[in-house]
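A look at the structure
Now for the letters of each chain:
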Amino acid sequence: MSERHTLRQQIRTRRKALSHDQQQQAAQALLERIKAHPDVKHARRIGFYLANDGEINPLPTIHWLWTQNKDIYLPVVHPFTAGHLLFLHYTPTSPMVRNKFNIEEPELDMDRVLPHSGLDLMFTPMVAFDQLGNRLGMGGGYYDRTLQGWHAHKLGPKPIGVAHDCQQVEQIPCEEWDVPLPEILTPSRHWRF
Ligand SMILES: Nc1ncnc2c1ncn2[C@@H]1O[C@H](COP(=O)(O)OP(=O)(O)O)[C@@H](O)[C@H]1O
Ligand SMILES: [Mg+2]
């Protein structure tokens, strides 16, 4: 089995072992980091995600961002183009469905799709990261594809990774298509690379 596969399993197990209290504290710490983040104040349209598989929970943050009149967009698995994401406007009344990974996402409605280049910031989930900002995802390459333009030409929203501290590893074995992140937020630290 590949090193990346083993690492994914190991870190996913680690984050799923966090207690309810630890998860709640982490979600609150994430909210405080987002409140303090200089880019958030000026951002109008923000990409986020809903927690799955022990990921740090952005819901308290999303609720706060709504009070600040920010428009929130969530990733939806593209219905036709394999490996790609769409970003849909997310409000407290959005109808939700479960996708093929059993992850909750807004029901597809083309009127609510925003080309991801229209986002001002994109908070990205991940499985593991290292001290250089390298990112390992769940293995679908979705964010690598989404962030290709940003990586090559700085086109589109700046991605900011969010994770639990326990998702940091010594070194991610990278592939040529992996897009490293310029910033990562964890409960205990704001990483800039
Ligand atoms: N920009 C891209 N264009 C085409 N295929 C890609 C791209 N980025 C990733 N992939 C493919 O997606 C698959 C999963 O990528 P990987 O980096 O392992 O997943 P993740 O980033 O979710 O950990 C790989 O087989 C890779 O070839
Ligand atoms: Mg990758």
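In the block above lies the structure referred to throughout.
Presented here is an overview of the structure given in this document. (Residues numbered from 1 in each chain as written. Chains lettered and ligands numbered in written order. Predicted model: local features only at pLDDT ≥ 70, side-chain atom pairs only at ≥ 80, totals over all residues. Heavy atoms only, no water.)

**Side note on the nonpolar core**
Counting 21 residues, the largest nonpolar core has Ile34, Ile46, Phe48, Ile62, Ile72, Phe123 and Val162 as the members making the most contacts within it. Secondary structure elements with two or more residues in this core: α2 (20–36), α4 (59–67), β2 (71–77), β7 (121–124) and β10 (158–162). Those residues in contact with Phe123 that sit more than four places away from it in its chain are Ile34, Val40, Ile46, Gly47, Phe48, Tyr49, Ile160, Val162 and Leu185. With 18 residues, the next largest nonpolar core counts Tyr142, Tyr143, Trp150 and Ile184 among its residues. (Core = buried A, V, L, I, M, F, W, Y, C linked by side-chain atoms within 4.5 Å. Buried < 20%, exposed > 50% of the residue type's maximum accessible area, 1.4 Å probe, protein only. Helix = DSSP H or I, 4+ residues; strand = E, 2+ residues; numbered from the N terminus. Contact = heavy atoms within 4.5 Å.)

**Considerations on the environment of Pro182**
The residue Pro182 is located in the loop between β10 and β11 (183–186) in this model. Along the primary structure Pro182 and Gly161 are separated by 21 residues, whereas in three dimensions their C-alpha atoms are 8.3 Å apart. When residues no more than four places from it in sequence are discounted, the contact partners of Pro182 are Trp150, Lys158, Pro159, Trp191, Arg192 and Phe193.

**Observations concerning the packing of α2 against α4**
The interhelical angle for the contact between α2 and α4, taken along N-to-C directions, is 35 degrees, at an axis separation of 8 Å. Across the interface between the two elements, Ala27, Leu30, Leu31, Ile34 and Lys35 from α2 touch Pro60, Thr61, Trp64 and Leu65 from α4. (Axes fitted to C-alpha atoms, helices over the stretch in contact; angles between N-to-C directions.)

**Focus on the site of ligand 1**
Around ligand 1 sit 14 residues, and of these Arg8, Gly137, Asp144, Gln148 and Trp177 come closest. Interatomic distance of 3.0 Å between a backbone N/O atom of Gly141 and an oxygen atom of ligand 1. One of the side-chain N or O atoms of Asp178 is found 2.9 Å from an oxygen atom in ligand 1. Relative to its unbound accessible area of 560 Å², ligand 1 is 72% covered by the protein chains. Secondary structure elements with two or more residues in the shell around ligand 1: α1 (3–16), β9 (135–136) and α5 (142–146). The class makeup of the residues in the shell around ligand 1 is 3 nonpolar, 5 polar and 6 charged. (Near = heavy atom within 4 Å. Polar contact = N/O pair within 3.5 Å; in protein donor to acceptor, adjacent residues only side chain to side chain. Areas by Shrake-Rupley, 256 points an atom, 1.4 Å probe, with all protein chains shown as cover. Nonpolar A, V, L, I, M, F, W, Y, C, P; charged D, E, K, R; others polar.)

**With respect to the sheet that holds strand β1 (residues 45–47)**
Taken in spatial order, the 8 strands of this open sheet run β6-β3-β2-β1-β7-β10-β11-β12, and their pairing is mixed. A single partner strand is all that each edge strand has here, and the edge strands are β6 (113–114) and β12 (189–192). Sheet topology places β1 next to β2; 3 bridges connect them, and they run parallel. If you follow Arg45 over to β2, its bridge partner there is Asp71. (Pairing = 2+ DSSP bridges.)

**With respect to α1**
Residues spaced three or four apart along an α-helix face the same direction, because each turn holds 3.6 residues. In this model, α1 (14 residues) spans 20 Å end to end at C-alpha, consistent with the 20 Å of a helix rising 1.5 Å per residue. What α1 keeps buried is the set Arg4, Leu7, Arg8, Ile11 and Arg15. For α1, the arc enclosing every buried residue in end-on projection is 100 degrees, short of the 170-degree limit, so these residues lie on one face. Where α1 is buried, its residues contact α2, β8 (128–129) and β9. (Expected span 1.5 Å × (residues − 1). Arc of directions from axis to C-beta.)

**Quick word on the pairing of β2**
Among the 7 residues of β2, 6 are classified as buried, and the element is accordingly described as predominantly covered. Handedness of the crossover is the feature at issue here: the chain leaves β1, passes through α4, returns alongside β2, and the resulting connection is right-handed. (Right-handed = clockwise from strand over helix to strand, strands pointing away.)

**Structural notes on the packing of aromatic side chains**
Pairs of aromatic rings are described using the distance from one ring centre to the other and the angle between the two planes. Overall, the coordinates contain 6 aromatic pairs when judged by the stated rule. Ring geometry for Phe48 versus Phe123: centroids 4.6 Å apart, planes at 15 degrees, classification stacked. Separated by 75 residues along the polypeptide, Phe48 in the loop between β1 and α4 and Phe123 in strand β7 bring together distant segments of the chain. Of the two residues, Phe48 and Phe123, both sit in the buried class. Ring geometry for Trp66 and Tyr90: centres 5.3 Å apart, planes at 45 degrees, overall tilted. (Phe/Tyr/Trp six-rings, centres within 6.5 Å; stacked < 30°, edge-to-face > 60°.)

**Overview of the pairing of β11**
Where a strand is regular, its side chains alternate between the two sheet faces. The alternating pattern of β11 places Glu183 and Leu185 and Ile184 and Thr186 on opposite faces, both of which are buried. Pairing of β11 with β12 involves 4 bridges; the strand directions are antiparallel. Bridge assignment links Thr186 to a residue of β12, and that residue is Arg189. Count of turn residues in the β11/β12 antiparallel hairpin: 2 residues.

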